[in-house]
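Commentary on secondary and tertiary structure
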Amino acid sequence: MPKITVVGSFVMDMVASVEEFPLAGQTVLGRSLRVYPGGKGANQCVAAARLGAQTAMIGMVGSDGNGKTFLELFQEEGIDCANVFVTEKEPTAIAQIQINAAAENKIVVIPSANFVFGEREWRQCEKAIKESAVVIMQMELNPGITEEIIRTCARLSVPVVLNPAPARNISGEVLGLATYVTPNETELELLTGMPTDTEENIYKAAGKLLSFGVRAVVATLGKRGALVADAHGKRIIPGYTVKVVDTVAAGDSFNGALAKCITEGKSLDEAVRYANAVGALTVSKQGAIPSLPTAAEVEAFIKARA
Ligand code: RIB
C-alpha cells in the first residue's frame with residue numbers, strides 16, 4: 001500500500017465554548033473547557049489513517065504527558081512514529097481555541113516543541129521521505145525548516161500536498177515546488193496578494209498560484225465546497241450541507257482525504273468530492289482528532305447523500 005507521510009505539528013487543544021467571543025478587555029463566562037489532541041499535522045495524519053491509508057508522521061513532541069498521549073494515540077491508530085522526536089527543550093505545543101454559538105473559532109497556537117524540530121532531525125528522515133508516495137505539509141513548523149522540507153521532497157521527486165496554514169508569506173519559488181497547494185480563501189489571498197471576495201476573484205487568484213508552477217490548486221471554500229484549478233481548467237466541486245457543530249480540523253481532514261485518494265490514483269475531481277464528504281463529517285462533531293471519520297462512516301454518508 002502506498003505510504004502517506006505527514007511532516008508537521010502536534011498540538012494539544014484547550015477548547016473553550018462560549019456564547020460570544022470576548023472583545024478586547026472583556027471577560028465572558030464560558031460554557032465548557034475541553035482538551036482534545038490536535039495540531040494540523042497530527043490531524044491530517046490521523047485523518048488519512050482512519051480512512052485506511054498507510055501513514056507515517058514526522059514531527060516533535062515534548063517529553064511530557066501531552067507528548068506521551070500523542071505517541072500512544074498514534075500507536076493505536078497504526079501510524080508509523082519512527083521519526084517522531086521527543087525533546088526536553090520545550091513542552092508539547094498547546095493551542096487556546098474559542099468556539100462561539102455560531103460554531104466559529106479563534107485559535108492561538110504556542111509552537112513550543114514543533115519549533116524545535118529542525119535540520120538535525122530532518123536529516124534523519126530522508127529514507128522515510130523516499131519511501132513515501134506523497135508528503136503532506138502545513139506551516140506549523142519553523143518557517144526555515146518548512147522550506148527545506150519542500151525543497152527536499154522536490155529533489156527526491158516525492159509529490160507534496162502543501163496546506164499553507166496558518167497563513168504566512170512564502171516565496172513563489174518555494175510554492176512552485178509543491179505539487180498540490182490547498183489554501184482556504186484567506187490563505188489564497190495572502191499567498192497571491194489578490195482579493196478572494198468573489199468567485200471570479202478566487203478563480204483569478206488560483207490562476208496566479210498555478211503560474212508559480214504547482215500542478216494543482218485546491219482551494220477550500222467551506223460549505224460551498226472546493227475550487228480546483230489545474231491543466232484541465234478551473235471548476236468548483238460542491239460541498240455537502242450538514243449541521244455545523246465545530247469546524248476545527250475540517251481543513252485538515254480534507255487534506256488527509258485528498259492525499260489518500262491521490263495515492264489511490266483517483267482523479268483530482270473524485271478526490272475532492274471524497275474530501276468534501278470527509279470535511280463535512282468532521283464539522284458535525286466536536287474536537288480535532290475525535291471528530292475525524294472512518295472510511296466506513298464516509299462511505300455510509302456518501303451513499304445516504306447520493
Ligand atoms: O486546523 C486545526 C488545528 O489548528 C487545531 O487542532 C489546532 O491545534 C491548530 O493547530
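Structure's up top.
What comes next is a walk through the structure. (Residues numbered from 1 in each chain as written. Predicted model: local features only at pLDDT ≥ 70, side-chain atom pairs only at ≥ 80, totals over all residues. Heavy atoms only, no water.)

1. Looking at the sheet that holds strand β13 (residues 233-237)
Heads up, the rule is: Pairing between strands is defined by DSSP: at least two bridges between the two strands are required. Only DSSP runs of H or I with at least four residues qualify as helices, and only runs of E with at least two residues qualify as strands; both kinds are numbered from the N terminus onward. Every residue pair with non-hydrogen atoms within 4.5 Å of one another is taken to be in contact. To get an axis, a line is fitted to the C-alpha atoms, and for a helix only the part in contact is used. The angle between two axes follows their N-to-C directions and goes from 0 to 180 degrees.
Across the sheet, nine strands lie side by side as β5-β4-β1-β8-β9-β10-β11-β12-β13; this open sheet has mixed pairing. Two strands in the sheet have a free side with no partner beyond their single neighbour: β5 (80-87) and β13. In this sheet, strand β12 (residues 226-230) lies alongside strand β11 (residues 216-220) in antiparallel orientation, the contact comprising four bridges. From the neighbouring strand, V217 faces β12, where its bridge partner is A229. Packed onto the sheet, helix α1 (residues 40-50) meets β1 (3-7), β4 (54-62) and β8 (134-137) and runs at close to 155° relative to β4. Sitting on the sheet, helix α2 (residues 65-76) is in contact with β4 and β5, with an inclination near 170° to β4.

2. Looking at the packing of helix α10 (residues 268-283) against helix α11 (residues 295-305)
Selection criterion: Here is the rule for angles: anything less than 35 degrees is roughly parallel, anything more than 145 is roughly antiparallel, 65 through 115 is roughly perpendicular, and the remaining ranges are oblique. Each residue gets one of three labels, nonpolar for Ala, Val, Leu, Ile, Met, Phe, Trp, Tyr, Cys and Pro, charged for Asp, Glu, Lys and Arg, and polar for the others, Gly among them.
At their nearest, the axes of α10 and α11 sit 10 Å apart, and the two run at 105° to each other. Relative to α11, α10 is oriented roughly perpendicular. Touching Y274, A277, V278, A280 and L281 of α10 are A295, E297, V298, F301 and I302, all from α11. Residue classes in the contact of α10 with α11 are distributed as nine nonpolar, no polar and one charged.

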